[in-house]
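# Tertiary structure, described
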Amino acid sequence: MSDKPSSFADLFEADNKGQRDKRAKPPALGERVRGEVVQIGRDSVFIELQNQGAKRVSAYMHTQDLRGEDGELTVKVGDPIEAVVVEADPKANEYRLGRTMGRPQGLDELERAFAASLPVEGKVTGVNKGGLEVEVANARAFCPISQADKGFLADPKELIGRSLEFLITEFREGGKRIVVSRRALLERQGRERADETRAKLVVGATVRGTVTAVREFGAFVDLGGVEGLLPNGELSYDRSATAAGTLNPGDSVEVQVRELKDATDKRGEKIVKITLSLKALSSDPWDDVASQAPVGR
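Residues numbered from 1 in each chain as written. Predicted model: local features only at pLDDT ≥ 70, side-chain atom pairs only at ≥ 80, totals over all residues. Heavy atoms only, no water.

This part is about the overall build of the protein. Helix and strand counts for the protein come out as five helices and 15 strands. Put simply, of all contacts in the protein between residues at least 6 apart along the chain, 53% involve residues at least 24 apart. As presented, the protein carries roughly 19100 Å² of accessible surface, and 47% of it is formed by carbon and sulfur atoms. (Helix = DSSP H or I, 4+ residues; strand = E, 2+ residues; numbered from the N terminus. Contact = heavy atoms within 4.5 Å. Areas by Shrake-Rupley, 256 points an atom, 1.4 Å probe, with all protein chains shown as cover.)

Right, let's get into unusual backbone geometry. Positive phi values are uncommon outside glycine, yet Asn-93 reaches one of about 55 degrees. Take Asn-93: it is sitting in the loop between strand 4 (80–89) and strand 5 (94–98). A positive phi angle is found at Glu-173, which is not glycine, with a value near 50 degrees. By relative accessible area, which is 59% here, Glu-173 ends up exposed. (Buried < 20%, exposed > 50% of the residue type's maximum accessible area, 1.4 Å probe, protein only.)

Among the nonpolar cores identified, the biggest contains 25 residues, and Leu-110, Ile-168, Ile-178 and Val-180 are the most heavily contacted of them. Ranked by residues supplied to this core, first place goes to strand 9 (residues 163–172) with four residues. In this view, Ile-178 contacts Leu-107, Leu-110, Ala-139, Arg-140, Ala-141, Phe-142, Ile-168, Glu-170 and Phe-171; residues no more than four positions away in its chain are not counted. Ranked by size, the runner-up nonpolar core spans 18 residues in total, among them Leu-223, Val-255, Val-257 and Ile-274. (Core = buried A, V, L, I, M, F, W, Y, C linked by side-chain atoms within 4.5 Å.)

Time to look at the pairing of strand 6 (residues 120–127). Bridge count between strand 6 and strand 9: four bridges; the pairing is antiparallel. The partner of Val-120 across the bridge, within strand 9, is Phe-166. For strand 6 and strand 7 (residues 131–136), the ladder comprises four bridges, and the chain directions are antiparallel. The residue bridging Val-124 from the neighbouring strand is Val-134, located in strand 7. A loop of three residues connects strand 6 with strand 7, the two strands running antiparallel in sequence. (Pairing = 2+ DSSP bridges.)

The next point concerns helix 3 (residues 182–200). Spanning 19 residues, helix 3 covers 28 Å between terminal C-alpha atoms, matching the ideal 27 Å at 1.5 Å per step. On its buried side, helix 3 packs onto strand 8 (139–144), strand 9 and strand 10 (177–181). Its side-chain oxygen placed 3.4 Å from the backbone nitrogen of Arg-183, Ser-181 serves as the N-cap of helix 3. (Expected span 1.5 Å × (residues − 1). Polar contact = N/O pair within 3.5 Å; in protein donor to acceptor, adjacent residues only side chain to side chain.)

Next comes the structure, spelled out in structure tokens:
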């Protein structure tokens, strides 16, 4: 007697069952998962995970992991979210998600953080010729001086005693050799922030930014990881106004997105050129001419 399914319906059901069984596998530590925010509490944000088969799998994240630089939550109920499983208890169906591993408790967590590319917290304990000595999970790690910050670090000794977040770039010999990078994490966070900003930008939107540089043709404004150009012609209805005479680096400005244009940079990568306007947010003085100086007066 054959054990093979006897009909197309049986084959279809067998295949579906196999797919359900695959999806029903519980999330593992270090696994990147997607879900939807279903509830926001005082200390935790609750998330229903996707693609977990018939069984509903819930997870949570600490609210502090989801706050922006201004301290406000960056998500609301119904928003999609992607994070990494940092704690798992399959028997209790409890999972904690995070964007960072935080302070690992041992080498096994360090290895999971390395595999999942999760940031970890480490304390700078010293400086040597090549870089920083970092203590993480009671283990010694090394951060090359070129990886200690995004740019030039004038005095590395200023970091001694500080707890900072790093990405683990090397984990060898069971944890006997651990290399970390702060620069890689800062650059990744910058890209993520830029992606979030670009997703929100639309022509006509009013946004706040910080002047980063002033040139003879206008000013560059950081909108949150991405820069836009504020040309002299978009500063004011006064045609003689220039960025050099009006703005300074560090100034906070409210501007309107005037144009978004697809372009290619020198490396051949696709970018979006952003043109901004201050003038668009002010009234045209010629609009008031009729009321201020009626014809015949």
